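Close look at the chain arrangement
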There are 2 protein chains.
Amino acid sequence: MDKRVTIIDVARHAQVSTTAVSKVLRNAYGASPAMRAKVQQAIAELGYRPNAAARGLRGQTYTIGVMIPELRNLFFADIIDGITAQLGGTDYQVLIAPGCNGEKEEARVIDAMTDRSMDGLILIAPVSSKKRLTEVARATPTVVVGRHGSSPTYDSVTDDDVVGAALVVDHLADLGHRRIAHIEHHETDRVRLAEMPNAQRANGYREAMTRRGLSEFIDIASTSYTHEGGYVGAKQLLTRAERPTAVFAGADVVALGALEAIAEAGLSVPGDISVAGYDNSALASFGPISLTSVDQDGRQMGADAARLVIGRITDRERRTVQVKLSPTLAVRRTTARAAPHT
Amino acid sequence: MDKRVTIIDVARHAQVSTTAVSKVLRNAYGASPAMRAKVQQAIAELGYRPNAAARGLRGQTYTIGVMIPELRNLFFADIIDGITAQLGGTDYQVLIAPGCNGEKEEARVIDAMTDRSMDGLILIAPVSSKKRLTEVARATPTVVVGRHGSSPTYDSVTDDDVVGAALVVDHLADLGHRRIAHIEHHETDRVRLAEMPNAQRANGYREAMTRRGLSEFIDIASTSYTHEGGYVGAKQLLTRAERPTAVFAGADVVALGALEAIAEAGLSVPGDISVAGYDNSALASFGPISLTSVDQDGRQMGADAARLVIGRITDRERRTVQVKLSPTLAVRRTTARAAPHT
DNA sequence: TCGGACGTGGGTAACGTTTTCCAAATGTTT
DNA sequence: AAACATTTGGAAAACGTTACCCACGTCCGA
């Protein structure tokens, strides 16, 4: 339990002041190359590492907090990969706060990160009110990922969910499908209705169906973005007098639930019904499943978010920006040509 | 950008000293019920939240760091769930450090957590040398999950991998299989050879095969615990003059890779070949896959780890303990009776 | 030669807590 | 009533770092 080496030890060892050591550590102005070298050697010899808590008290903590609503969603893992890749090589460390389902839990987690004086926050698909997010971002540089709408205080990175939904509808319509149903995440809150990806996907679905002249076939099962939600939603859709020939699930995990319900009903995919998901998670590309899905390029989203948060840490006055990425469609084996119309 | 409320503001507002406030915050001795009430009211009125960085400089940071080697492994998500569930309701916040594949990356991450003066560390399946782990644990209360062997400085939580492997072999042997092959994670380091779960699983496989009188059929493909490793390993096994009738993959993700290779070879599961995995991750239980797998109860492991780390924070002198849980087998549809021996 | 600009280095006061005393008040035993 | 223990509250010194400012040389142009 020997004490940690401090900046004072380094200063003594290099025969300079602690100010000098601090300057070297931060690449700050006012240190000659000679002194720099001397200090760096002392740091190396003593194996000194700065104490982040102490740093945080005056300056930065070199920590970026990432809030993730759900560890099991593989799409989020892609985002994290993008973030860490972008931040690799810098002094910043990424720390993830897990398990924040629900507004209350989310508030607790955001508070915890703020309390730890993190330099920047990346919030993935937060459910908090816009007011709250705006306040948080006022105190700490923040990037919100996966939530539409702009804010004067935080940057945002989103996927164009309307386009994504259209990709699916067009793909299915091109294959001859008309009865294309959708399973959505039920949303009540008015603001979130406009900002959350799930709502945008449902809107995109409606628009695209209308554009293709299929408005009479619009059919939405309103459940939730979970495996269970997909299962229940598909069950509902299968009881229709005229069964849909294709199901567009709002997320991959939903599609998996739907697949299970369809299999239970004794129907085959894509023979009887085509199924498409959203997120193109690792699950979707897994051979035996091979789910057609909208690809959001999570890595790119994560990298952009990291870039933006660092940018805002550097210049807090800069105007906020909104990055909107375009999704692509990964066509696989769960979608196929529809049977001729009866 | 209004300044944060500090302990000084609270003290002033409640007309007491900062010491008094601090005592109330920490439930420390020396505060009368009357004062406690007064201070708590002031805290509520001002919406005060203690600054973790400042706390860390003298006392605790109320932060537990969890190192996780791979975000995509769903088994790890179960462990995290167990940890957060156990810690819910306490003042401790869990922060996860991602992306630490490789010894060097792992060292960087552990350093980062130490630098941030975390109160406790939970290291999941670390690959660092035992010496290094021992040193880390000397500086910070640490629990190692998923690595066998005991240490004088850290507690450990493991699953009995030898038993787990035996469960699979017995299950398959009971179904009439004799050519039961295994796909292992290749290991070179001598210490890790004894401590890492993958090695224990391979040992358990050998022992069980011998015990069942099947030693002549022992057949191991040595690749890695990845999807790719499972694919390659299965390819190897399928080229044998006499093809195995069952494959025991050391991890679920490996089993998935194997399933893909088997499907490509035009063979059916479990008709031609039975496949079993390890970890019983969410993937394994997913209907269309329905993989027979060893269940480790990750939630329980996480809960135990959290309990132990808090215990060690409270009493750093207590002797280290080793918790060893017993796995069970979740039998599903990828294993079936073997064809009669030819 | 003077005066300012610039480069170099350090002294010192924060930052927001906890911890270690210490003093005063109160209670309890002889 | 004296002596002693306990409770209650606070003053002040850490903790390790950074930010702010000042001092001293040296260089250069006027």
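Here is what the cut-offs are and how they apply
- Residues numbered from 1 in each chain as written.
- Chains lettered and ligands numbered in written order.
- Predicted model: local features only at pLDDT ≥ 70, side-chain atom pairs only at ≥ 80, totals over all residues.
- Heavy atoms only, no water.
- Contact = heavy atoms within 4.5 Å.
- Buried area = accessible area lost by both parts, 1.4 Å probe.
- Salt bridge = Lys/Arg side-chain N within 4 Å of Asp/Glu carboxyl O.
- Polar contact = N/O pair within 3.5 Å; in protein donor to acceptor, adjacent residues only side chain to side chain.
- Helix = DSSP H or I, 4+ residues; strand = E, 2+ residues; numbered from the N terminus.
- Near = heavy atom within 4 Å.
- Nonpolar A, V, L, I, M, F, W, Y, C, P; charged D, E, K, R; others polar.
- Axes fitted to C-alpha atoms, helices over the stretch in contact; angles between N-to-C directions.
- Parallel < 35°, antiparallel > 145°, perpendicular 65-115°, else oblique.
- Left-handed = near helix turned anticlockwise from the far one by under 90°.
- Expected span 1.5 Å × (residues − 1).
- Buried < 20%, exposed > 50% of the residue type's maximum accessible area, 1.4 Å probe, protein only.

Chain A has the name LacI family transcriptional regulator in an unreviewed UniProt entry, where Paractinoplanes atraurantiacus is given as its organism.

Observations concerning the interface of chain B and chain A
Every contact between the two is made by 45 residues of chain B and, on the other side, 45 residues of chain A. Of all residues in chain B, R72, D115 and R116 of chain B give up the largest surface area on contact with chain A, accounting jointly for 17% of the area buried on that side. At the junction of chain B with chain A, the criterion picks out 10 salt bridges. D115 of chain B serves as the salt-bridge partner of R4 of chain A, at 2.8 Å between the closest nitrogen and oxygen. Where chain B touches chain A, the interface holds 17 residue pairs in polar contact (both at pLDDT 80 or more). Secondary-structure elements contributing two or more residues to the side of chain B that touches chain A are α4 (52-58), α5 (74-87), β2 (93-97), α6 (103-115) and α12 (252-264) of chain B.

Observations concerning the protein's contact with DNA strand C
Around DNA strand C, 26 residues are found, and the nearest of them are Y29 and S32 of chain A together with I7, S22 and R26 of chain B. When the atoms of DNA strand C within 4 Å of the protein are grouped by moiety, sugar and phosphate amount to 62% of the total. Contact between DNA strand C and T19 of chain A: a base oxygen at 3.1 Å from a side-chain N or O atom of the residue. The set of elements that each furnish at least two residues to the surface near DNA strand C consists of α2 (18-25) and α4 (52-58) of chain A together with α2 (18-25) and α4 of chain B. Along the lines of polarity and charge, the residues of the surface near DNA strand C split into 11 nonpolar, nine polar and six charged.

So, the packing of helix α5 (residues 74-87) of chain A against helix α14 (residues 298-314) of chain A
All names here are of chain A. As a packed pair, α5 and α14 sit with axes 6 Å apart at the nearest point and diverge in direction by 45°. As summarised for this structure, α5 and α14 are arranged oblique, according to the angle between their axes. As for the relative orientation of α5 and α14, their crossing is right-handed in sense. Where α5 approaches α14, its residues F75, D78, I79, D81, G82, I83, A85, Q86 and L87 are matched on the opposing element by G298, R299, M301, G302, A303, A306, R307 and I310. In the contact of α5 with α14, the residues fall into nine nonpolar, four polar and four charged.

Some details on the protein's contact with DNA strand D
Close contacts around DNA strand D come from 24 residues, with I7, S22, R26 and Y48 of chain A together with S32 of chain B the closest. Across the atoms of DNA strand D situated within 4 Å of the protein, the share located in sugar and phosphate is 66%. Between DNA strand D and A54 of chain A there is a distance of 3.5 Å, counted from a base nitrogen to a backbone nitrogen or oxygen. Where the surface near DNA strand D is concerned, the elements lending two or more residues are α2 and α4 of chain A together with α2 and α4 of chain B. Take the surface near DNA strand D: its biggest share by element is four residues, from α4 of chain A. For the surface near DNA strand D, the residue count by class is 10 nonpolar, nine polar and five charged.

Some details on α5 of chain A
Residues and elements named next belong to chain A. For α5, with 14 residues, the first-to-last C-alpha span of 20 Å sits near the 20 Å given by 1.5 Å per residue. Counting buried positions along α5 yields 10 of 14 residues, so the element is predominantly enclosed. Turning to α5, its buried residues number three or more, namely L74, F75, F76, A77, D78, I79, I80, G82, I83 and L87. Looking at the buried side of α5, the elements it contacts are β1 (63-67), β2 (93-97), β3 (120-124), β4 (142-145), α13 (282-285) and α14. If you check the start of α5, you find a side-chain oxygen 2.9 Å away from the backbone N of F75, and it comes from N73. G89 sits one or two positions beyond α5 and adopts a positive phi of about 95°.

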